[in-house]
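# Fold and geometry: a report
These are the residues of each chain, in order.
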Amino acid sequence: MEQQNRGDKKPPHKKNFNFKTCKKNTIKSLNEIEYFLNNFKRFTRYVKIYKIFK
């Protein structure tokens, strides 16, 4: 039978910092934000045109 020590807590596992994945994720996020902002500019342009013709 396995003995359980409920009072003893294991320290949390320390994650290793991987610079390459952090850099890759940051660049991907920045590209997504840039894409969104470019599409948003187009959207606002169409809304302005719509308001003018309305």
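Residues numbered from 1 in each chain as written. Predicted model: local features only at pLDDT ≥ 70, side-chain atom pairs only at ≥ 80, totals over all residues. Heavy atoms only, no water.

## Examining the packing of aromatic side chains
One pass over the structure, following the stated rule, counts two aromatic pairs. Consider the rings of Phe36 and Phe40, whose centres lie 6.0 Å apart with planes at 25°: the pair is stacked. On the criterion of helical spacing, the pair formed by Phe36 and Phe40 is a turn pair, its members being four residues apart in helix α1 (residues 19–53). The interplanar angle of 35° and the centroid separation of 6.4 Å between the aromatic rings of Phe40 and Phe43 together place this pair among those described as tilted. Linking Phe40 with Phe43, this pair stays in helix α1, spanning three residues, or about one helical turn. Owing to a relative accessible area of 51%, Phe43 belongs among the exposed residues under this scheme. Here a set of aromatic residues connected by ring pairs shows up, and it is made of Phe36, Phe40 and Phe43. (Phe/Tyr/Trp six-rings, centres within 6.5 Å; stacked < 30°, edge-to-face > 60°. Helix = DSSP H or I, 4+ residues; strand = E, 2+ residues; numbered from the N terminus. Buried < 20%, exposed > 50% of the residue type's maximum accessible area, 1.4 Å probe, protein only.)

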